[in-house]
Amino acid sequence: MKQMRKETQMSKVLVVTSGKGGVGKTTSTAALGAAIAQTGQTVVVIDFDVGLRNLDLMMGAERRVVFDLIHVVQGIARLPQALIRDKRIETLFLLPASQTRDKDALTEEGVALVIADLRKKFQWVICDSPAGIERGATLAMRYADAAIIVANPEVSSVRDSDRIIGLLDAKTAKAERGERMEKHLLITRYDRARAARGEMLSIEDVLEILSIPLLGVIPESEMVLRASNLGAPITINNPASAAGRAYIDAARRLAGEQVEMTIPVDKSGLFNKLFGRRAA
Amino acid sequence: MRFFGFGRRRGSAPVARERLQILLEYERSPFSHSDLFTVLQEEILAVINRHVTVDADKVQVKVDRGDTVSRLAVDVEIPNAPSGAMSLRLHEEFFGAVAR
């Protein structure tokens with residue numbers, strides 16, 4: 001914690017949420033967190049999925065978990081003891097969820113204290129929400145300044161996203177203060193060819209239905225599975241891949257940069273053979 | 001990364017498999033459901049506190065779970081040593097005997 005920047009004037013709390021499971025919340029949390037941290041800013045990613053944690057696996061930190069969010073909330077461990085520093089990027093930290101405790105152990109007051117504490121230490125606090133609309137999901141979004149809604153171009157995901165948008169506008173501390181929750185749509189697992197054939201909702205369709213601003217489009221990429229196998233966010237493991245580049249662009253947009261909206265394509269053949277496979 | 005020498009097989013799945021095996025073996029063991037780390041931390045701190053007062057914030061408990069043994073490192077920063085803070089490091093190997 002020593003070299004944590006003290007000039008952290010503004011800290012931003014993000015929630016990565018979706019309603020539906022399996023759309024890529026955890027992958028996106030890890031990828032965006034790593035992409036922002038690679039620019040030298042301090043980032044903590046928090047797993048709110050009590051009982052079914054997975055962010056530790058995506059970050060490759062599963063062997064190093066000692067204490068977790070619930071230990072901190074219950075005062076059993078101090079926050080610095082529960083934070084796990086990434087071995088590759090020194091400004092990136094993980095606060096894991098508990099795998100064994102009862103999820104009711106998370107209280108609103110406890111989460112408020114932890115988030116307030118993290119705001120003092122980090123420039124970015126990224127909360128990985130569990131699927132669903134239950135307590136875990138509402139607690140993850142509760143103290144957020146902005147939300148990233150992860151959706152696949154597929155009917156049930158878009159419908160659940162709409163539901164989550166409703167919750168963000170009703171159940172968050174920001175909404176209750178009468179403020180407007182900042183929302184960003186991140187479309188993942190986008191398959192250009194299937195969309196072109198009309199087999200998949202287009203980006204325009206999804207944007208029109210949800211009417212929230214687009215943060216980025218992450219193309220379906222085999223490199224994402226590979227990164228998860230290896231326990232490295234795609235933006236670390238393979239930043240040159242299409243998905244890696246799309247996440248890096250999205251992270252830059254989050255930070256307020258103007259980045260042209262493109263959907264990167266994996267360069268095929270030799271480039272990937274040399275580059276995509278090198279990290280293994 | 002470790003590979004198992006199957007010719008030139010270079011996929012990432014073997015790594016995933018190994019990571020999961022280590023993780024699940026731990027999660028299925030009684031250790032993952034015990035408060036072993038909490039208890040160890042409290043007891044180690046209590047022993048040290050008999051001699052010097054340490055700030056609970058200056059205690060780092062680290063673990064690295066391996067496939068046969070896990071490594072626990074408790075790093076305690078102790079103030080007021082002659083030349084700045086002194087670091088006391090306790091290593092313990094555990095799990096091995098019971099988990100196997």
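Residues numbered from 1 in each chain as written. Chains lettered and ligands numbered in written order. Predicted model: local features only at pLDDT ≥ 70, side-chain atom pairs only at ≥ 80, totals over all residues. Heavy atoms only, no water.

A. Structural context of the overall build of chain A. Across its full length, chain A holds 14 helices and 8 strands. Expected size for 280 residues packed as a compact globule is a radius of gyration near 19 Å; at 18 Å, chain A falls within 12% of this value. The buried share of chain A, taken over its 280 residues, is 58%. Considering only contacts in chain A between residues 6 or more positions apart, those separated by 24 or more positions represent 75%. As displayed, chain A has an accessible area near 11,800 Å², and 50% of this comes from carbon and sulfur atoms. Between the averaged position of the 39 positive side-chain charges in chain A and that of its 34 negative side-chain charges there is a distance of 6 Å. (Helix = DSSP H or I, 4+ residues; strand = E, 2+ residues; numbered from the N terminus. Rg over C-alpha atoms; globule rule 2.2 N^0.38 Å. Buried < 20%, exposed > 50% of the residue type's maximum accessible area, 1.4 Å probe, protein only. Contact = heavy atoms within 4.5 Å. Areas by Shrake-Rupley, 256 points an atom, 1.4 Å probe, with all protein chains shown as cover. Lys, Arg positive; Asp, Glu negative; His and termini not counted. Charge placed at Lys NZ, Arg CZ, Asp CG, Glu CD.)

B. Geometry of the interface of chain B and chain A. Contacts between the two partners involve 32 residues from chain B and, on the opposite side, 26 residues from chain A. By the criterion of area lost to chain A, the three top residues of chain B are B:Ser12, B:Arg19 and B:Arg65, representing 24% of everything that side buries. Our count for the contact surface shared by chain B and chain A stands at 1 salt bridge. Here B:Arg19 and A:Glu62 are joined by a salt bridge, their closest N and O atoms 3.0 Å apart. (Buried area = accessible area lost by both parts, 1.4 Å probe. Salt bridge = Lys/Arg side-chain N within 4 Å of Asp/Glu carboxyl O.)

C. Fine view of the environment of A:Pro153. All names here are of chain A. Inspection of the secondary structure assignment puts proline 153 in the loop between β6 (146-151) and α7 (155-168). Here proline 153 falls in the buried class, since its relative accessible area comes to 6%. As a C-alpha pair, proline 153 and aspartate 191 span 38 residues in sequence and 8.8 Å in three-dimensional space. With sequence-adjacent residues up to four places away left out, proline 153 is seen in contact with Ile187, Thr188, Arg189, Tyr190, Met200, Leu201 and Val206.

D. View of the packing of α7(A) against helix α10 (residues 203-210) of chain A. Residues and elements named next belong to chain A. Across the interface, α7 lies against α10 with an axial gap of 10 Å and an inter-helix angle of 30 degrees. When the axis of α7 is compared with that of α10, the two are roughly parallel. Regarding α7 and α10, the two cross each other, and that crossing is right-handed. Contacts from Val158, Ser161, Asp162 and Ile165 of α7 reach α10 at Val206, Ile209 and Leu210. Of the residues assigned to the contact of α7 with α10, the class counts are 5 nonpolar, 1 polar and 1 charged. (Axes fitted to C-alpha atoms, helices over the stretch in contact; angles between N-to-C directions. Parallel < 35°, antiparallel > 145°, perpendicular 65-115°, else oblique. Left-handed = near helix turned anticlockwise from the far one by under 90°. Nonpolar A, V, L, I, M, F, W, Y, C, P; charged D, E, K, R; others polar.)

E. Local environment of the pattern of salt bridges. All names here are of chain A. Inspection of every chain in the model, using the stated rule, returns 16 salt bridges over all chains. Here arginine 88 makes a salt bridge to aspartate 86, at a shortest N to O gap of 2.6 Å. Accessibility expressed as a relative area gives 8% for aspartate 86, which makes it buried. Across the salt bridge formed by glutamate 176 and arginine 142, the nearest N and O atoms sit 2.8 Å from each other. With glutamate 176 in helix α8 (residues 173-176) and arginine 142 in helix α6 (residues 135-142), this pair connects stretches of sequence that are 34 residues apart. Overlapping salt bridges bring together Glu108, Arg142 and Glu176 as one network.

F. A look at the packing of helix α1 (residues 25-37) of chain A against helix α13 (residues 242-254) of chain A. Residues and elements named next belong to chain A. Closest axis-to-axis distance for the α1/α13 pair is 9 Å, and the angle between their directions is 65 degrees. When the axes of α1 and α13 are compared, the pair comes out roughly perpendicular. Once α1 is placed against α13, the crossing between them reads as right-handed. In this structure, α1 contributes Thr27, Ser28, Ala31, Leu32, Ala35 and Ile36 to the contact, and α13 contributes Tyr247, Ile248, Ala250, Ala251 and Leu254. Looking at the contact of α1 with α13 residue by residue, the classes come out as 9 nonpolar, 2 polar and no charged.

G. Highlighting the confidence of the model for chain A. Residues and elements named next belong to chain A. When pLDDT is averaged across chain A, the result is 91; 92% of the residues are at 70 or more. Throughout residues 1-8 the model reports pLDDT below 50, and contacts reaching past four residues in sequence, or to other chains, amount to 21 contacts. Under a pLDDT of 50 for its full length, residues 276-280 has, in the predicted model, 12 contacts with residues more than four places off or in other chains. (pLDDT = per-residue confidence, 0-100.)

H. Highlighting the nonpolar core. All names here are of chain A. Counting 67 residues, the largest nonpolar core has Ile46, Phe48, Leu95, Leu106, Ile115, Leu118 and Val125 as its most contacted members. Leaving out residues up to four positions away in the same chain, phenylalanine 48 has contacts with Leu69, Leu106, Val111, Ile115, Cys127, Asp128, Ser129, Pro130, Gly136, Leu139 and Ala140. In terms of nonpolar packing, the next biggest core, distinct from the first, is built from 39 residues, Ala30, Ile89, Ile148 and Ile236 among them. (Core = buried A, V, L, I, M, F, W, Y, C linked by side-chain atoms within 4.5 Å.)

I. Local environment of the packing of aromatic side chains. For the structure shown, the criterion picks out 1 aromatic pair over all chains. Ring centres 5.3 Å apart and planes at 65 degrees place the aromatic pair A:Phe93 and A:Phe122 in the edge-to-face group. Taken together, the residues A:Phe93 in strand β4 (residues 92-95) and A:Phe122 in the loop between α5 (108-121) and β5 (124-128) connect sequence positions 29 residues apart. Note on A:Phe93: relative accessible area 3%, which makes it buried. In this structure, A:Arg142 is placed above the aromatic ring of A:Tyr143, and the distance from its NZ or CZ to the ring centre is 5.8 Å. In this structure, B:Arg65 is placed above the aromatic ring of B:Tyr26, and the distance from its NZ or CZ to the ring centre is 4.0 Å. (Phe/Tyr/Trp six-rings, centres within 6.5 Å; stacked < 30°, edge-to-face > 60°. Lys NZ or Arg CZ within 6 Å of the ring centre and 35° of its normal.)

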